[in-house]
Amino acid sequence: MDAVWYESEWAPSMLDRLAVALRGLFVITETRVLHPPDQVIAFEGYFQTDPESAFEILRPRFEALGYTPILRRHGQTDQIIAQAGVFRPARSQPWINLILFLATVATTIWAGALYGSEGPLNWTQGVTFAAALLLILGVHEMGHYVAARLHRSEVTLPYFIPVPPWIGMLGTFGAFIQIRSPIRNRKALFDIGIAGPLAGLAVAIPILIYGLLTSPVVPLRGAVALEGNSVLYWGLKVLIFGRPLPGDGFDVQLNVLAWAGWIGLLVTAFNLLPLGQLDGGHVLYAMLGRGAWRVSEIGVFVLLALGLRWPGWFLWAFMPMLTGLRHPPPLNDITPLDPIRQAIGWLTWILFLLIFVPVPFSVVEFR
């Protein structure tokens, strides 16, 4: 939006009050009204203290005046934008979360009971599958939830999505939480984004390993639906079974624990895609700032190319476009990540490459 100068009878008093709130924190070199009459006011200049500390002091001062502060940097110039309005989240309804969770318990038990069954439904197997899968999904979402609460972000409890097994073979389309307040800074954005995938993997990998240890290796005959190999999954099978699988007409026949663990890795890889407002998009923006926007655009084209091998990638290329490929900045977009978080971020991208599956599912004919 092009900046315009604007003056009126009220403007000097409001500008003065906001300017007073900046005293001791920020030296003003220029003041502009970006959205008249008083919706968006920009103060340009430089900070007298570190931006993170300044933001924590400034936010309650601005909120007392009915404004939210937004910190930006353009080249060598710092900018504090006073946005009219203070976010007040409405109360959530936990009973909705409970009903959806109970429904998802039922549908995942049903899906697990159907898994590999050619006769009567195996309800014991169903309970085992549901417990393993919902533990992985639940820990993933609670990782986000706890990180958000630690950073004083308003957040809902997890919403689980139940699906009848004839629509979704897992009995669920996963779970999500809703962040109901603006994210304060890049550190909060990073922690909230990365906590879910790392927490989920901490549960999914042990479940997968135990499941593989208790799953048989069987010969493959006829048309067989195969789960895809990530580098990590392939390596685990080599360590456990002593050979690459599938290979020489044999593969491991996953029991429900191994199946839930493999799904846990796949779901984590989906969420870590560096696109828009997926978990990976949060992490990438926290690390690179607006440079993440270009990576998201490139990522969509990569997924479209992979979609020629597995059509499901077309859906994952399209979904981030619904909320926008350009991740919105946090309120304080100036303070960079510390070196420890940067290192954890790069290690997480290595982990993403280890669990990414180019072709998650395929049907192969064996004779």
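Since the structure is predicted, the reported quantities are computational estimates derived from the model, not experimental observations.

Undergrad: Outline the overall build of the protein, supporting the account with residue identities and numerical values.
TA: In terms of helices and strands, the protein carries 11 helices and 10 strands. Its C-alpha atoms give the protein principal-axis dimensions of roughly 85 × 40 × 35 Å. For the protein, the proportion of its 367 residues judged to be buried stands at 47%. Across the protein, the fraction of contacts at a sequence separation of at least 24, relative to all contacts at a separation of at least 6, is 71%. Within the structure as shown, the protein displays about 18000 Å² of accessible surface, and the carbon and sulfur contribution to it stands at 64%. Charge-centre separation for the protein: the mean point of 24 positive side chains lies 3 Å from the mean point of 24 negative side chains.

Undergrad: Kindly report on a nonpolar patch on the surface, identifying the contributing residues and their values.
TA: Where nonpolar side chains cluster on the molecular surface, the patch consists of Trp110, Leu114, Leu121, Trp123, Trp166, Ile167 and Phe173 and spans about 780 Å² of accessible area. The topology assignment puts phenylalanine 173 in strand β6 (residues 172-176). What makes phenylalanine 173 exposed here is its relative accessible area of 56%.

Undergrad: Help me get a handle on the packing of helix α5 (residues 186-213) against helix α6 (residues 231-241), residues and values and all.
TA: For the pair α5 and α6, the least separation of the axes is 10 Å and the interaxial angle reads 40°. Relative to α6, the element α5 is oriented oblique. By crossing handedness, the relation of α5 to α6 is classed as right-handed. Counted together, Ile205, Leu208, Ile209, Leu212 and Leu213 of α5 and Leu232, Tyr233, Leu236, Lys237, Ile240 and Phe241 of α6 form the full contact between these two elements. Looking at the contact of α5 with α6 residue by residue, the classes come out as 10 nonpolar, no polar and 1 charged.

Undergrad: Kindly report on the side chain of threonine 156, identifying the contributing residues and their values.
TA: Among the structural elements, threonine 156 can be located in the loop between α4 (123-150) and β5 (159-162). Within polar-contact distance, the side chain of threonine 156 engages the backbone nitrogen of glutamine 178 at 3.0 Å.

Undergrad: So what's going on with the sheet that holds strand β3 (residues 67-74)? Residues and values would help.
TA: Strands sit in the order β1-β2-β4-β3 across an open sheet of 4 strands; the sheet is antiparallel. Taken across any chain shown, the strands that pair with only one partner, and hence form the sheet edges, are β1 (26-35) and β3. Averaged over neighbouring strand pairs, the angle between their axes works out to 25° when direction is ignored. Against the sheet, helix α2 (residues 51-64) makes contact with β2 (40-47), β3 and β4 (77-84), and its axis sits at roughly 150° relative to β3, the strand it touches most.

Undergrad: Can you tell me about the pattern of salt bridges, naming the residues and giving the values?
TA: As enumerated under the stated definition, the model contains 12 salt bridges in all. Note that glutamate 30 is salt-bridged to arginine 32, the shortest N-O span being 4.0 Å. Notably, a salt bridge pairs aspartate 338 with arginine 341, separated by 2.6 Å at the nearest N-O pair. Among the charged side chains, a network of salt bridges with common partners joins Glu30, Arg32 and Glu44.

Undergrad: I'd like to hear about the nonpolar core, residue by residue, with values.
TA: Counting 63 residues, the largest nonpolar core has Phe129, Leu212, Leu273, Leu303 and Trp313 as its most contacted members. Counting residues per element, the ones that place at least two in this core are α4, α5, α6, α7 (256-271), α8 (279-288), α9 (291-306), α10 (312-323) and α11 (339-355). With 11 residues, the single largest contributor to this core is α7. Setting aside its immediate chain neighbours within four residues, tryptophan 313 contacts Phe270, Leu273, Leu303, Leu306, Gly307, Phe356, Val357, Pro358 and Pro360.

Undergrad: Got a sec to walk through the packing of aromatic side chains? Specific residues and values, please.
TA: All chains considered together, the criterion is met by 17 aromatic pairs. Between tryptophan 349 and phenylalanine 352, the ring centres sit 6.0 Å apart and the planes meet at 90°, which makes this aromatic pair edge-to-face. With tryptophan 349 and phenylalanine 352 both in helix α11 and 3 residues apart, this pair spans about one turn of that helix. For tryptophan 349, a relative accessible area of 11% translates into the label buried. For phenylalanine 352, a relative accessible area of 10% translates into the label buried. The structure contains a cluster of three or more aromatic residues connected by ring pairs, namely Tyr115, Trp259, Trp262, Phe270, Trp310, Trp313, Trp316, Trp349, Phe352, Phe356 and Phe361.

Undergrad: Go over α7 with me, naming the residues and quoting the values.
TA: Its 16 residues place the ends of α7 22 Å apart at the C-alpha level, agreeing with the 22 Å of an ideal helix rising 1.5 Å per residue. With 15 of its 16 residues buried, α7 lies for the most part within the structure. For α7, the N-terminal capping position is held by asparagine 255, with its side-chain oxygen 3.2 Å away from the main-chain nitrogen of leucine 257.

Undergrad: Explain α5 to me, and be specific about the residues and the numbers.
TA: For α5, built from 28 residues, the straight-helix expectation of 40 Å at 1.5 Å per residue is met to within 8% by its first-to-last C-alpha distance of 41 Å. The sharpest bend along α5 measures roughly 30° and falls at alanine 195, with the proline proline 197 sitting one to four residues further on.

Rules behind the numbers
Residues numbered from 1 in each chain as written. Predicted model: local features only at pLDDT ≥ 70, side-chain atom pairs only at ≥ 80, totals over all residues. Heavy atoms only, no water. Helix = DSSP H or I, 4+ residues; strand = E, 2+ residues; numbered from the N terminus. Buried < 20%, exposed > 50% of the residue type's maximum accessible area, 1.4 Å probe, protein only. Contact = heavy atoms within 4.5 Å. Areas by Shrake-Rupley, 256 points an atom, 1.4 Å probe, with all protein chains shown as cover. Lys, Arg positive; Asp, Glu negative; His and termini not counted. Charge placed at Lys NZ, Arg CZ, Asp CG, Glu CD. Patch = residues over 30% accessible without salt bridge, like charges linked within 9 Å, V, L, I, M, F, W, Y side chains within 5 Å. Salt bridge = Lys/Arg side-chain N within 4 Å of Asp/Glu carboxyl O. Axes fitted to C-alpha atoms, helices over the stretch in contact; angles between N-to-C directions. Parallel < 35°, antiparallel > 145°, perpendicular 65-115°, else oblique. Left-handed = near helix turned anticlockwise from the far one by under 90°. Nonpolar A, V, L, I, M, F, W, Y, C, P; charged D, E, K, R; others polar. Polar contact = N/O pair within 3.5 Å; in protein donor to acceptor, adjacent residues only side chain to side chain. Pairing = 2+ DSSP bridges. Core = buried A, V, L, I, M, F, W, Y, C linked by side-chain atoms within 4.5 Å. Phe/Tyr/Trp six-rings, centres within 6.5 Å; stacked < 30°, edge-to-face > 60°. Expected span 1.5 Å × (residues − 1). Bend = angle between axes of the 7 residues up to and from the residue.

Keep in mind these numbers describe shape, not what the thing actually does.
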